[in-house]
Every structure is written in structure tokens, then in C-alpha cells.
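Residue strings, one per chain:
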Amino acid sequence: MKKEKLVIIGANDFQYQLIQKAKNRGMETHVFAWEDGSVGKQAADYFYPISITEKELILEKCKEIKPDGILSIASDLAVTTVNYVAQQLNLTGNGTESALLSTNKYLMRKTFEKNGDPSPRYCLSDTLTESMINTFHLPLIVKPIDRSGSRGVTRIADWTNIYHAIKAAQQQSFSGQAIIEEYISGKEYSVEYISWEGQHTFLALTQKYTTGEPHYIETRHTQPANVSAHILRRIQEVIEHALNSLLIKNGASHSEVMVTPDGSIKIVEIGARMGGDCIGSDLVQISTGYDFINMVIDVACGRSPSFHKVCHPQKAEVRFIFNDQDLKQLQIIKAERPECLYRISKIHSIDSNHKITDSSKRLGYYILQGYN
């Protein structure tokens, strides 16, 4: 029987979980990424040292490969390439318009405003005028319009810092643009969905923990999040409407929301891909029993996802290493509750000069299952 061919965009640790899953299914894996020694290069059946942003070059190679599906599980940057190639080769995806709406935070905000999806007040930094300043309420969040992982994100409570924050965000932006948004106070959650031909199925709600201001770098994630049934229903209603607004019809989606003290739901942003930070690749399966990676593989290859549970659901958590104290906590768990350790990443040595300014600078992570 002829092997199915799966093209995977990216080769980092998160994509490695996807590569391994596809190979375990007997699929032939074709991986595109920078030539930087990433773990996915060694795992792939075929590796192509082409940047994930070089969509035209990847398309030409894919015409030779003739894949059955193309995907990437935790990268906003890869979403554009995945949907461009899928559309050109008539593979399952969401199309290039959807990809643009879900990767450009300014266009996303405009779309939400047009369709009545609840999200913060905003403006593009280039359009900010002195007269507009008095119409915004502090504090504000300044971020690049096209990056993820807390890169270039700053919370400001004083207008004197606005232009420094804008410059920092623009330096991190691929397009050199930044967006300014009113800060929404409350509890932050992320939401995982799987979609097939426009039907959206809720999978998991994640409680998020961050370093707080000014950069809000994630320190850990837990599933399932502890919210009332009413709040969960409201979140689902809001997200499903917003997925339609962004023209997301197939595959995984990762949405970030704030629940305000009065119970209102505000959308922070939505990505047409799995949540990173091991949320989609690991936590969903541990906490729900559903094999999320297999689901996105099936959808990418033009099949409806299976909701067969592959394991018994239990509490899931990922914790990130920032300092010596985090490492000491890991050692305690190793000694006292080793059965709860699901996976430990490579952990970089701690250097007092190393500044953690976004999620890519964290020193490593470990995943827990059934840990209370």
C-alpha cells in the first residue's frame, strides 16, 4: 500500500511531536525549516533546508512531492505558508484570506469589530495621533501585529512610555508595524478547537499563568481550567462566532480570551493552529483523552477527525523553567512524584546575564499528568 505523504512546516520541538506521530502512523514525512540543527531534521524522512516563510519555493518542491496533506501545529508564522500551498495544490486548509486574518492582529481586530466579536479597543501605531491619546484609557498593551510568544509585548501605564513600547514592538514585527490595545483586566484562558468543514468542536480550556507586566511571558498552563459551566458556554459561543468571522473552517485553532470580573468575555487573539507551549501537542490529549495531533493530521489529509479517546483523562500541566527555584521544584517532583512527570525538555544552563524577555528565551519545560 502506498504511503501517505505529509508535509510539515517547521522543525522545532513542537513540530517534532507531529513528525513522530505521523511516522508512527506509517506516513512519509517531508519537513521544511531553516538549516539550524533543529530536532525535526533528524526525525524527518526528508528534510528541506528552506525557510518556512519561503512559500513559493516550498510550493515548487511540494509539486514534486505530491503530498496528501500539509500542516504545522504551533506556529503563526507557518500558517500563511501552509494555507498558501494547500490552496495551490487543492489540499484541505482555510485559504489565504483566512490565513491573513488570523496572523495579522490589526486585520483580526478590524474583522472582529465588523462582525460584533468582543475584543479590546485598538489602533495601528502608525495612525496614533495626539488627539486620539485622550480617547484611550490606560493601561495599554503594545504588541507587533504579526508575532507570537510574547515577543515585543509591553504593558504601559504612562503615556510617556508609549513611543518606546511602539519602537520595541516594531523591531520585533516582520512588517515593522505595531498595534495598541486597551488593557483588559481579568483571568486569561486559551481555548482549543478542532474544525472540519465549518463544524467547530470544543476540546479544552486552559488556565494561563504569566510573569505579569510588562511582557506577560507564560510561566505555566493547566488543563482543564476551573470555570463555571455558564462561563464555559459563553466562551464557546464567543469563540465559535469568531472562528466563522476569521473564515476558519478546517483544522486546529487556538484562541486566547480574558474573562473580566463582571463575567464578560473579550477575545485577545485567535490563531488558526494548535496552541504552542505543549498545549495542543500534549496537554489536550492528557486532559481529554483525545489525540489532537492525529485529528489535525486527518483533517489536513481530507478526513474527518476521530473522537475516540486514546487514554484516561487527567489533570495536565506544563511548567516553564526561568530560574534556579524552578529547577529545584522539578527536582522535588522527580524525587517525590516521579510518576507524574510526562516529559522533560532539554534544559539550558542558567546564566545570570540571560534575560528572559519573551517565551523563546525560557530555559526549558516539563509536563505533568495527574499532579495535584
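A brief report on the enclosed structure follows. What you see as residue numbers is a count from 1 along each chain, following the sequence as written. Local features in this predicted model are restricted to residues whose pLDDT is 70 or higher, and side-chain atom pairs enter the listing and the counts only when it is 80 or higher, whereas totals over whole chains, interfaces and linings include all residues. Derived side-chain values reflect all non-hydrogen atoms in the structure, with water molecules and hydrogen atoms excluded from consideration.

This part takes up the pattern of salt bridges. A pairing counts as a salt bridge when a side-chain nitrogen of Lys or Arg comes within 4 Å of a carboxyl oxygen of Asp or Glu. Under the defined criterion, the tally for this structure stands at 24 salt bridges. Of the charged contacts in the structure, one is a salt bridge between Glu4 and Arg303, with a shortest N-O distance of 2.8 Å. With a gap of 299 residues between them, Glu4 in the segment before strand E1 (5-9) and Arg303 in the loop between helix H11 (292-300) and strand E14 (316-321) connect regions that are remote in the sequence. Categorising residues by exposure relies on relative accessible area from a 1.4 Å probe, with only protein chains included: less than 20% of the type maximum marks a residue as buried, more than 50% marks it as exposed, and the intermediate range marks it as partly exposed. Owing to a relative accessible area of 25%, Glu4 belongs among the partly exposed residues under this scheme. Between Lys208 and Glu218 there is a salt bridge; the shortest N-O distance is 3.1 Å. Residue Lys208 is located in strand E10 (residues 199-210), and its partner Glu218 is located in strand E11 (residues 218-223); the two are separated by 10 residues in the primary sequence. The residues Lys208 and Glu218 share a single accessibility class, namely buried. Salt bridges sharing common partners tie together Lys105, Arg109, Lys143, Glu181 and Glu269. Under the scheme used here, helices are H or I runs from DSSP no shorter than 4 residues and strands are E runs no shorter than 2 residues, and both carry numbers assigned from the N terminus.

So, about the sheet that holds strand E5 (residues 122-124). Pairing within the open sheet is antiparallel, and its 4 strands lie in the order E5-E8-E6-E7. Of all strands in the sheet, those with a lone pairing partner are E5 and strand E7 (154-156), marking the two edges. Averaged over neighbouring strand pairs, the angle between their axes works out to 20° when direction is ignored. Across 3 bridges, strand E6 (residues 140-144) lies against E7 in antiparallel orientation. Residue pairing for E7: Val142 is matched across the bridge by Thr154. Contacts are residue-level and defined by heavy atoms, with any inter-residue pair within 4.5 Å sufficient. Every axis corresponds to a line fitted to the C-alpha atoms, with the helix fit spanning only the stretch in contact, and the corresponding angles, defined between N-to-C directions, vary from 0 to 180 degrees. Here helix H6 (residues 105-115) sits on the sheet and contacts E5, E6 and strand E8 (178-182); the angle it forms with E5, its principal contact strand, is near 135°. Packed onto the sheet, helix H8 (residues 162-172) meets E6, E7 and E8 and runs at close to 25° relative to E6. When DSSP finds two or more bridges between two strands, those strands count as paired.

Let's shift gears to the packing of aromatic side chains. The pairing test for Phe, Tyr and Trp rings, Trp by its six-membered ring, is centres within 6.5 Å, and the orientation test on the planes gives stacked under 30 degrees, edge-to-face over 60, and tilted for anything in between. Inspection of every chain in the model, using the stated rule, returns 6 aromatic pairs. Where Tyr193 meets Phe202, the ring centres are 5.8 Å apart and the plane angle is 70°; that geometry is what we call edge-to-face. The partly exposed category is assigned to Phe202, whose relative accessible area is 23%. We call a charge positioned above a ring when the Lys NZ or Arg CZ atom is no farther than 6 Å from the ring centre and deviates by at most 35 degrees from the ring normal. The ring of Tyr209 is capped by Arg220, whose NZ or CZ atom sits 3.9 Å from the centre of that ring.

Glancing now at the environment of Ala316. The topology assignment puts Ala316 in strand E14. Accessibility expressed as a relative area gives 0% for Ala316, which makes it buried. As a C-alpha pair, Ala316 and Asn24 span 292 residues in sequence and 23 Å in three-dimensional space. Those residues within four positions of Ala316 in sequence are excluded, and the remaining contacts are His221, Thr222, Gln223, Leu283, Ile286, Ser287 and Leu368.

Bringing unusual backbone geometry into the picture now. Going from Leu138 to Pro139, the amide bond is cis rather than trans, its omega being 0°. Looking at the element boundaries, Pro139 is found in the loop between helix H7 (130-133) and E6. The omega torsion of the bond from Gln223 to Pro224 falls at -5°, within 30 degrees of zero and hence cis. A positive phi angle, close to 60°, is found at Asn90, a residue other than glycine. Note that Asn90 resides in the loop between helix H4 (76-88) and helix H5 (96-103). With a phi close to 65°, Leu247 is a non-glycine residue in the positive phi region.

Each pocket or cavity is described by its volume, and for the second largest pocket that value is around 200 Å³. Think of a 1 Å grid over the protein atoms and nothing else: a 1.4 Å probe that fits but is trapped marks a cavity, an open set flanked by protein within 12 Å on at least five of seven lines marks a pocket, and residues with an atom within 4 Å of a point count as lining. Around the second largest pocket, the lining comprises 14 residues; the ones closest to its centre are Gly152, Thr154, Ala168, His215 and Thr357. Mapped onto the lining of the second largest pocket, the elements with two or more residues apiece are E7 and H8. Looking at which element gives the most residues to the lining of the second largest pocket, the answer is H8, with 4 residues. Classifying every residue of the lining of the second largest pocket gives 4 nonpolar, 8 polar and 2 charged. Grid points are joined across faces, edges and corners, and a volume is the space filled by probe spheres set on the points. Gly is put with the polar residues, along with every residue not named as nonpolar or charged; the nonpolar set is Ala, Val, Leu, Ile, Met, Phe, Trp, Tyr, Cys and Pro, and the charged set is Asp, Glu, Lys and Arg.

What follows deals with H5. Within H5, the full set of buried residues consists of Ser98, Ala99, Leu101, Ser102 and Thr103. The inward-facing, buried residues of H5 contact H4, H6, helix H9 (229-245) and strand E13 (265-271).

The topology assignment puts Gln314 in the loop between H11 and E14. Along the sequence, Gln314 and His354 sit 40 residues apart, while their C-alpha atoms lie 35 Å from each other. Dropping the residues within four chain positions of it, Gln314 is found in contact with Ile286, Ser287, Gln369 and Gly370.

The parallel open sheet is built from 4 strands, whose spatial order is E3-E2-E1-E4. Whereas interior strands pair on both sides, the edge strands pair on one side only; in this sheet they are strand E3 (46-48) and strand E4 (69-71). Averaged over all pairs of adjacent strands, the angle between their axes in this sheet comes to 20°, without regard to strand direction. The sheet contact formed by strand E2 (residues 28-32) and E3 spans 3 bridges and is parallel. Bridging across to E3, Phe32 finds its partner in Tyr48. Against the sheet, helix H1 (residues 13-24) engages E1, E2 and E4, with an angle of about 175° to E1. Each of E1 and E4 is contacted by H11, which is oriented at about 130° to E4, the strand it contacts most.

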